[in-house]
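Chain by chain, the residues:
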Amino acid sequence: MPGDRTNLPRLALHVPEPQFRPGDAVDFAGVEIPAAGAARRPDTAEAAGEFRDLAYTLVRVLDENGRATGPWDPKLSPETLRRMLRSMALTRAFDERMFRAQRQGKTSFYMKCTGEEAVAIGAAFALDRDDMCFPSYRQQGLLIARDCPLVDMMNQIYSNTGDKLQGKQLPIMYSEKRFGFFSISGNLTTQYPQAVGWAMASAAQADTRIAATWCGEGSTAEGDFHSALTFATVYRAPVIFNVVNNQWAISSFSGFAGAEATTFAARAVGYGMAGLRVDGNDILAVYAATAWAAERARTNQGPTLIEHFTYRVEGHSTSDDPSQYRSAGEPTAWPLGDPIQRLKDHLIGMGEWDEERHAAMDRELAEQVRAAQKAAEGNGILGHGLHQPLDTLFDGVFEEMPWHLREQRQMMLDEETASGRPWDRK
Ligand SMILES: Cc1ncc(C[n+]2csc(CCOP(=O)(O)OP(=O)(O)O)c2C)c(N)n1
Ligand SMILES: [Mg+2]
């Protein structure tokens, strides 16, 4: 019921609306893209308050012609650049193959990171091997760059006999202690406070390892995001917060997480924390920003928040159909290009790569993924019966199982025997 004070202006609720909907022509001319090389690079010992401007611009190294320029150029060797290119291409080949496996009914679920490969792989190259990663579900590139066997990842995706997680996690929700990769949780942003806790413990124990964590821009709306930032800034936790702004959170555009009002990197400013906004499709910028933030963390300068400005090229997951809510023209119109193509162009421009080598690499990687898939399918695929003994359902939560769970497990096994229809095993 409207109030009766008719002499006052009426209130109006602002409901964000994305620029383009299905069928609309896409024009990203309004997206501000500062020139590569233009952003300054403060000394890592500088106080966060001295470079707030870096939360509102874009740190970029690779220009439109594939040349590296400016103070953030990490000047990596051609050999390292080729390894980065290979990791990104392998991630894409892996995604393609597993997406198809889902469509063929071999697993229930998959999530690609197409167009966002530089975010995880740039960081993986900049961090130390024993730094601890607390990722979201779209940083499979961390595992691939850290040389996790593809077959192990696929066993998890298939929940088969080779799945070390015994089918207890949704496909792609890996947990790889060997590779400093914390268990992925479907509950958005829980990894943020976990990363801070781990980083605080590392500092409290006078260790040398730091933590890094990732979440999507949509996930910054979670309370966990903000409590994590508060703890990190208060205790100067050695942690790197990555916000992957791929502009979509399933079917909600970034405006619903606050993008109409300011940048996501600007969240850092409110906490008095170092903040950088980075071209997330430029792996050299991602690498340089991560290395800079890591140096701050290692020298007790505290946390850094890095917003990676990128674009989610594909659907949210295999359960999504983006043609229902966004214009099909967006992925190709996105002005920051494709991270693989950009690094490839850079290497070719340096005289360190060519089309033939690239095509040969793609063929080799496709073969590597195909061979891993064959090996993983030898351990079974999801839906073909039960791959783990039924009673493992109760394992892995308590170090010592409480009496009531032991009882329940026994009841389950007794019922299975009594039914005369033992669970279909593979
Ligand atoms: C606490 C919680 N709320 C909602 C969901 C459902 N959900 C899963 S993914 C997702 C979108 C997340 O978007 P974003 O953070 O931008 O990450 P992106 O998928 O783009 O990488 C939502 C709403 C969830 N898994 N957990
Ligand atoms: Mg998103």
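Values in this document were obtained by computation on a predicted structure and should not be read as measured data.

Digging into helix α8 (residues 283-298)
Compared with the 22 Å implied by 1.5 Å per residue over 16 residues, the 22 Å span of α8 between its first and last C-alpha is a close match. The buried fraction of α8 is high, at 13 of 16 residues. The positive-phi residue at the C-terminal boundary of α8 is asparagine 300, with phi of around 60 degrees.

What about the domain arrangement of the protein?
Each domain of the protein was delimited in the assignment, giving domain 1 (48-377) and domain 2 (390-419). Summarising the inter-unit geometry, the C-alpha centres of domain 1 and domain 2 are found 38 Å apart.

Section: the sheet that holds strand β3 (residues 239-245)
Spatially, five strands are ordered β1-β2-β3-β7-β6 in an open sheet, and the strand pairing comes out parallel. On the outer flanks of this sheet lie β1 (132-134) and β6 (274-279), each paired with one strand and no other. Taken pair by pair, the neighbouring strands of this sheet meet at an average axis angle of 20 degrees, ignoring direction. In terms of strand pairing, β3 meets strand β7 (residues 304-309) through six bridges, oriented parallel. By the bridge assignment, asparagine 242 is partnered in β7 with isoleucine 306. Against the sheet, helix α5 (residues 191-204) engages β1, β2 (211-216) and β3, with an angle of about 170 degrees to β2.

Focus: the site of ligand 1
In the vicinity of ligand 1 lie 16 residues, with Leu188, Gly216, Gly218, Ser219 and Ala249 positioned nearest. Of all the secondary-structure elements, those providing two or more residues to the shell around ligand 1 are β2 and β4 (248-249). Its residues placed into classes, the shell around ligand 1 shows six nonpolar, seven polar and three charged.

Here's the deal with the nonpolar core
Counting residues in each nonpolar core, the largest one holds 101 residues, and the members touching the most others are Val239 and Ala289. Broken down by element, the residue count for this core peaks at 11 residues, all from α8. Not counting chain neighbours up to four residues away, the residues in contact with alanine 289 comprise Val59, Leu276, Val278 and Ile306.

Let's talk about the packing of helix α1 (residues 78-103) against helix α11 (residues 355-377)
Orientation of α1 relative to α11, taken along the N-to-C sense of each, is 45 degrees, at an axis distance of 9 Å. Classed by the angle they form, the pair α1 and α11 counts as oblique. When you trace α1 past α11, the crossing you get is right-handed. Only Met361, Asp362, Leu365, Ala366, Val369 and Gln373 of α11 make contact with α1, whose side of the interface consists of Arg86, Ala89, Leu90, Ala93, Phe94, Arg97 and Ala101.

Re the UniProt feature "domain: 2-oxoisovalerate dehydrogenase E1 alpha subunit N-terminal" (unreviewed entry) in the protein
In this numbering, the UniProt entry assigns the feature "domain: 2-oxoisovalerate dehydrogenase E1 alpha subunit N-terminal" (unreviewed entry) to residues 9-48. Summarising residues 9-48: 0% helix, 0% strand, and an end-to-end C-alpha distance of 41 Å.

Examining the packing of α1 against helix α2 (residues 117-126)
Where α1 contacts α2, the two axes come as close as 10 Å, and the packing angle between them is 140 degrees. If you check the angle between α1 and α2, you find them oblique. The element α1 and its partner α2 pack so that their crossing is right-handed. Residues Met84, Ser87, Met88, Thr91 and Arg92 of α1 touch α2, and the partners they reach there are Glu117, Ala118, Ile121 and Phe125. A per-class count over the contact of α1 with α2 returns five nonpolar, two polar and two charged.

Observations regarding the pairing of β6
Buried residues dominate β6, accounting for six of its six residues. The two faces of β6 match: Ala274, Leu276 and Val278 on one face and Gly275, Arg277 and Asp279 on the other face are all buried. Pairing of β6 with β7, which is carried by six bridges, proceeds in the parallel orientation. Counterpart to valine 278 in the pairing with β7 is histidine 308.

Analysis parameters
Residues numbered from 1 in each chain as written. Chains lettered and ligands numbered in written order. Predicted model: local features only at pLDDT ≥ 70, side-chain atom pairs only at ≥ 80, totals over all residues. Helix = DSSP H or I, 4+ residues; strand = E, 2+ residues; numbered from the N terminus. Expected span 1.5 Å × (residues − 1). Buried ≥ 20, exposed ≤ 12 C-beta atoms within 10 Å, placed from the backbone. Domains from an automatic or database assignment. Pairing = 2+ DSSP bridges. Axes fitted to C-alpha atoms, helices over the stretch in contact; angles between N-to-C directions. Contact = placed C-beta atoms within 7 Å. Near = placed C-beta within 6 Å. Nonpolar A, V, L, I, M, F, W, Y, C, P; charged D, E, K, R; others polar. Core = buried A, V, L, I, M, F, W, Y, C linked by C-beta atoms within 7 Å. Parallel < 35°, antiparallel > 145°, perpendicular 65-115°, else oblique. Left-handed = near helix turned anticlockwise from the far one by under 90°. UniProt positions renumbered as here; feature names shortened; annotations may be inferred.

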